[in-house]
Amino acid sequence: MFANFTELKDSLSASAAKTLVVASAHDKHTLEAVYEAVQSLPMKYILVGDKAKILEISRELGVTPAEGDIVDAADDAACACKAIDLIREGRGNVLMKGLIETGTLLKAALDKENGIRGTGTMSHLAVLEVPGYHKLVAVTDGGMIPHPTLEQKADIARNAIGFFQKLGVQKPQVAALAAAEAVSEKMPETQAAAELQAMCGRGELGECVVEGPLSFDISVSKESAAIKKHPSKITGEVDILLVPGVATGNILCKGLLYWGGAKMAGCVLGAKVPIVLVSRGATAEEKLLSITLCLKAG
């Protein structure tokens, strides 16, 4: 696995150019990220949105997009539908959310007749570069499903495992997180984590190693595992932290970002292509890193 985002970005240097489709691209922060990305990454783009606004913002940024790089759309619903159509037609490898409500974009993506949904659950994946950890690590799902069922958790795991395999990790190591390692009826997340480990053992989650329930400290620290005499085989080498629910994932990621000095890239998985989906408050760096991540796996 890549030690940091710089290594991830460098790995794209010799790759063939992929195409990023941006839904509702008439947004300065979004266009800044796209135009910065195209300068340093092997990529093309198609901007879907209010053409007049896209051209106006582009002039402010000193960029003149080609006529064929813009698809005019009157409103958010049209932007979402046209962007999804481009993906379905094979003209794009990655979808990106611009100045559009997440629900509007995902509704178009999930449309049974004209969407791009896969066969399972769609989920959010955050990949973080954390000071003190020797490689990039993922947290999932911290953005889409508040209280996932066991089957949804299995889909979330499959999404993340498949994504990491596209990043070059042949057998991702997954920690199904809980507050303790003992299975307890009073803590349903421990029961789900134990079942996910059993599912992995039966080959139901793909080529991977899943352990659970595991506490966060045992997952990431060999020293902690040694002190607690826990026999984990993946401690300190975890690739994916599978959280019990959205609240846990959201708090963990934001804690690492704001107090831990981490960098983060985010995407939505489970559709036919990765979706760059970051909050409107995301930094330009986070948007650029998210584009980089999705291009690698798209």
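Residues numbered from 1 in each chain as written. Predicted model: local features only at pLDDT ≥ 70, side-chain atom pairs only at ≥ 80, totals over all residues. Heavy atoms only, no water.

Q: Would you mind going over the overall build of the chain in detail, with residue names and values included?
A: Per the secondary structure count, the chain includes 11 helices and 11 strands. In summary, the chain has a C-alpha radius of gyration of 20 Å against a globular reference of 19 Å for 298 residues, a match within 12%. With the C-alpha coordinates of the chain rotated into their principal frame, the extents come out at 65 × 40 × 30 Å. Across the 298 residues that make up the chain, the buried fraction comes to 51%. Taking contacts inside the chain between residues at least 6 apart in sequence as the whole, the part at least 24 apart equals 68%. (Helix = DSSP H or I, 4+ residues; strand = E, 2+ residues; numbered from the N terminus. Rg over C-alpha atoms; globule rule 2.2 N^0.38 Å. Buried < 20%, exposed > 50% of the residue type's maximum accessible area, 1.4 Å probe, protein only. Contact = heavy atoms within 4.5 Å.)

Q: Which residues make up unusual backbone geometry, and what values go with them?
A: Residue D141 is reached from T140 by a cis peptide bond, and omega for that bond is -5 degrees. Position of D141 relative to the elements: it lies in the loop between β6 (137–140) and α6 (150–166). Residue G212 is joined to P213 through a cis peptide bond whose omega torsion reads 0 degrees. One non-glycine residue, S24, lies in positive phi territory at about 60 degrees. By the secondary structure assignment, S24 is in the loop between β1 (18–23) and α2 (28–40).

Q: Give a detailed account of the side chain of T140, specifying residues and quantitative values.
A: Looking at the element boundaries, T140 is found in strand β6. Apart from residues lying up to four places away in sequence, T140 is in contact with S123, H124, L125, I156, A160, I240, L241, L242 and V243.

Q: Describe the packing of helix α4 (residues 76–88) against helix α5 (residues 102–110), naming the residues involved and giving the relevant values.
A: Relative to each other, α4 and α5 sit at 40 degrees, their axes nearing to 9 Å. On the basis of the axis angle, α4 is oblique to α5. Crossing geometry of α4 relative to α5 is assigned as right-handed. On α5, the residues touching D76, A77, A80, C81 and I84 of α4 are T104, L105, A108 and A109. A class-by-class count of the residues in the contact of α4 with α5 yields 7 nonpolar, 1 polar and 1 charged. (Axes fitted to C-alpha atoms, helices over the stretch in contact; angles between N-to-C directions. Parallel < 35°, antiparallel > 145°, perpendicular 65-115°, else oblique. Left-handed = near helix turned anticlockwise from the far one by under 90°. Nonpolar A, V, L, I, M, F, W, Y, C, P; charged D, E, K, R; others polar.)

Q: I'd like a description of the packing of α2 against helix α11 (residues 284–297), backed by residues and values.
A: Where α2 meets α11, the closest approach of the two axes is 9 Å, and the angle between their N-to-C directions is 50 degrees. Of the possible angle classes, the one that applies to α2 and α11 is oblique. Classified by chirality, the crossing of α11 by α2 is right-handed. Residues H29, T30, A33, V34, E36 and A37 of α2 touch α11, and the partners they reach there are K287, L288 and I291. Here the contact of α2 with α11 is composed, by residue class, of 5 nonpolar, 2 polar and 2 charged.

Q: Residue-level account of α11, with values.
A: Over its 14 residues, α11 runs 20 Å from end to end, which matches the ideal 20 Å to within 8%, given 1.5 Å per residue. Most of α11 is tucked away, with 11 of its 14 residues classed as buried. (Expected span 1.5 Å × (residues − 1).)

Q: Could you give an account of the state of the cysteines, with specific residues and numbers?
A: Counted according to the given criterion, the structure contains 0 disulfides. With no disulfide partner, C81 has as its closest neighbouring cysteine sulfur the one in C79, 9.6 Å distant. Overall, C81 belongs to the partly exposed group, its relative accessible area being 42%. (Disulfide = S-S within 2.5 Å.)

Scope: geometric values only; no functional claims are made or implied.
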